[in-house]
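Structural characterization, general
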Amino acid sequence: MRNITLLVLATLIYTAAGAQITLSDYCNMVLEYNIPLQQAELKIERTEAEWQRAKKGRLPLLTMGRQATLDFARHVEGRRWGWSTNAEISQNIYSGGRVAATAERAKLGHEISRLEEIMLRREVILSAESAYWQLSHAEEYYKSMSEYVAIIESLHKVIAYRYEEGYSAKGDLLQIESRLSDAHYQLSSAEEAYEIALHSFNSLYNGELKQTITLSESILNSTPKPERVDADTLIWSHPEYRIAEVDAERAHADVKLARAPFLPQININVFGSLQPELPHTSKSKMELGGGAVVNFSTPIYHFGERRAAVNAAKSAQLSSDLEIENVADNLRLIEHDGWTNIERTLQRVMAAQQSMTIAEENLEISTYAYNEGQTTILDVLQAQISWLQTYRNMLAAHFDYQMAVAEYKYIVGDNFIESRDNLAD
């Protein structure tokens, strides 16, 4: 209920403020609403309850019962009916380690659910950042296409005027009109891409799908290059690696559970009863009885069932131990790949920005030269195409870099120190 209230208040605040959202605020809103994350939190509560329940197996069990009898054939003297009240305390003494292994397994399952929630939280943040940068990319591209159309329309007016005055050929006018028609077509596609990105953006926090959003941050903004995390340090603190370790511990508990039914079982029952003395008459006094029973049993031989059960559990345990190394290798690989992605995309950003400067200058010079009659319309059209393609490349480079940073944060954690402290807790 608290999460829903916070989400509604946040939505109202952003709506009143013109829906200007920072990346951090947007991620928090998505985290508050995300349904799988709420389910993961409920799973944590469930596994904790299962753990607490499993621990109760070590404690004695008290049961009470009451019986009433009616003898139709009068096999006993006195009244046909009778009653008795019984109480029994059962205490498990030894069950081959089953109770301890069950409690340990439940505890480890609870820890895994906590670690899975951390992993899911990272995935939700990554999806939120992806939606944020997708919308920013679509918005910037739509702006660039609008500017592209404006540039062509401005040139179209010049050529149309010159054609009417007899300074330009009709071929020039037809070519610029064809380019303008194509530009409007691309503008429509850019607008569609923006609306789709907006729908996806709003859906992640349960907002109105068509609500207009003003982003506080743009993919064109300079995002600092993150500090690299040592791969070995990352491995031992990463939730996925800890899940593999805990799962291996749970496999050890499974071996104990597989062995437990074939070990001695010892328990003690203490019981008491209260009933009328027999024969049951109106003058019968209450009779209090009781006693204790110690039960001992152990399997002797069942054609190798124990060996087969334990061997199967040990095979699963060895597989879990190997999975730890497999996860470590994968984490080491994705960390190196993630950092390489950051470095290379940053290089492309710098190159694209330089190319954009050149393309803008080339377009300006070509347009001026055409107006002065020093070049042809084909040179201007080529400069326009070059400008648009270079702008697309620059947007793609910035988007790739922002996503590379987001994916690296997903690998190492948005706040590495905080994530490490949470795992230690």
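What you see is a predicted model, and the numbers here were worked out from it, not measured in a lab.

Next up on the list: a nonpolar patch on the surface. A cluster of nonpolar side chains, Leu62, Met64, Ile89 and Val270, forms an exposed patch at the surface whose accessible area comes to about 410 Å². Tracing the chain through its elements places Leu62 in strand β2 (residues 61-70).

Turning our attention to the pairing of strand β3 (residues 81-94). Taken together, the 10 bridges between β2 and β3 define a ladder with antiparallel strand orientation. Paired with Leu70 across the two strands is Trp81, which belongs to β3.

Moving on: the pairing of strand β5 (residues 265-276). Examined bridge by bridge, β3 and β5 share 9 bridges and lie antiparallel to one another. Residue pairing for β5: Thr85 is matched across the bridge by Leu274. Sheet topology places β5 next to strand β6 (residues 286-297); 12 bridges connect them, and they run antiparallel. What sits directly across from Gln275, in β6, is Glu287.

With that settled, the discussion passes to the nonpolar core. Ranked by internal contacts, the top residues of the largest apolar core, which has 70 residues, are Tyr26, Leu135, Phe201, Ile213 and Trp387. Elements represented by at least two residues in this core include exactly α2 (23-33), α3 (35-55), α4 (98-165), α5 (170-203), α8 (305-371) and α9 (377-412). Ranked by residues supplied to this core, first place goes to α9 with 19 residues. Ranked by size, the runner-up nonpolar core spans 8 residues in total, among them Ile235, Ala244, Val327 and Ala328.

A contiguous patch of negative charge on the surface is contributed by Glu147, Glu360, Glu361 and Glu364. Of the residues forming the negative patch, the biggest block, 3 residues, is contributed by α8. Along the chain, Glu364 turns up in helix α8. Exposure remark for Glu364: the relative accessible area of 60% places this residue in the exposed category.

Another aspect to go through is the packing of α4 against α8. At a minimum axis separation of 11 Å, α4 and α8 run at an interaxial angle of 10 degrees. In terms of orientation, α4 and α8 fall into the roughly parallel class. Only Leu363, Thr367, Tyr370 and Asn371 of α8 make contact with α4, whose side of the interface consists of Ile151, Leu155, Val158, Ile159 and Arg162. When its residues are assigned to classes, the contact of α4 with α8 shows 6 nonpolar, 2 polar and 1 charged.

Strand order in the open sheet made by the 4 strands is β2-β3-β5-β6, with antiparallel pairing throughout. Each having just a single partner strand, β2 and β6 make up the two edges of the open sheet. Averaged over neighbouring strand pairs, the angle between their axes works out to 20 degrees when direction is ignored.

Criteria and thresholds
- Residues numbered from 1 in each chain as written.
- Predicted model: local features only at pLDDT ≥ 70, side-chain atom pairs only at ≥ 80, totals over all residues.
- Heavy atoms only, no water.
- Patch = residues over 30% accessible without salt bridge, like charges linked within 9 Å, V, L, I, M, F, W, Y side chains within 5 Å.
- Areas by Shrake-Rupley, 256 points an atom, 1.4 Å probe, with all protein chains shown as cover.
- Salt bridge = Lys/Arg side-chain N within 4 Å of Asp/Glu carboxyl O.
- Helix = DSSP H or I, 4+ residues; strand = E, 2+ residues; numbered from the N terminus.
- Pairing = 2+ DSSP bridges.
- Core = buried A, V, L, I, M, F, W, Y, C linked by side-chain atoms within 4.5 Å.
- Buried < 20%, exposed > 50% of the residue type's maximum accessible area, 1.4 Å probe, protein only.
- Lys, Arg positive; Asp, Glu negative; His and termini not counted.
- Charge placed at Lys NZ, Arg CZ, Asp CG, Glu CD.
- Axes fitted to C-alpha atoms, helices over the stretch in contact; angles between N-to-C directions.
- Parallel < 35°, antiparallel > 145°, perpendicular 65-115°, else oblique.
- Contact = heavy atoms within 4.5 Å.
- Nonpolar A, V, L, I, M, F, W, Y, C, P; charged D, E, K, R; others polar.

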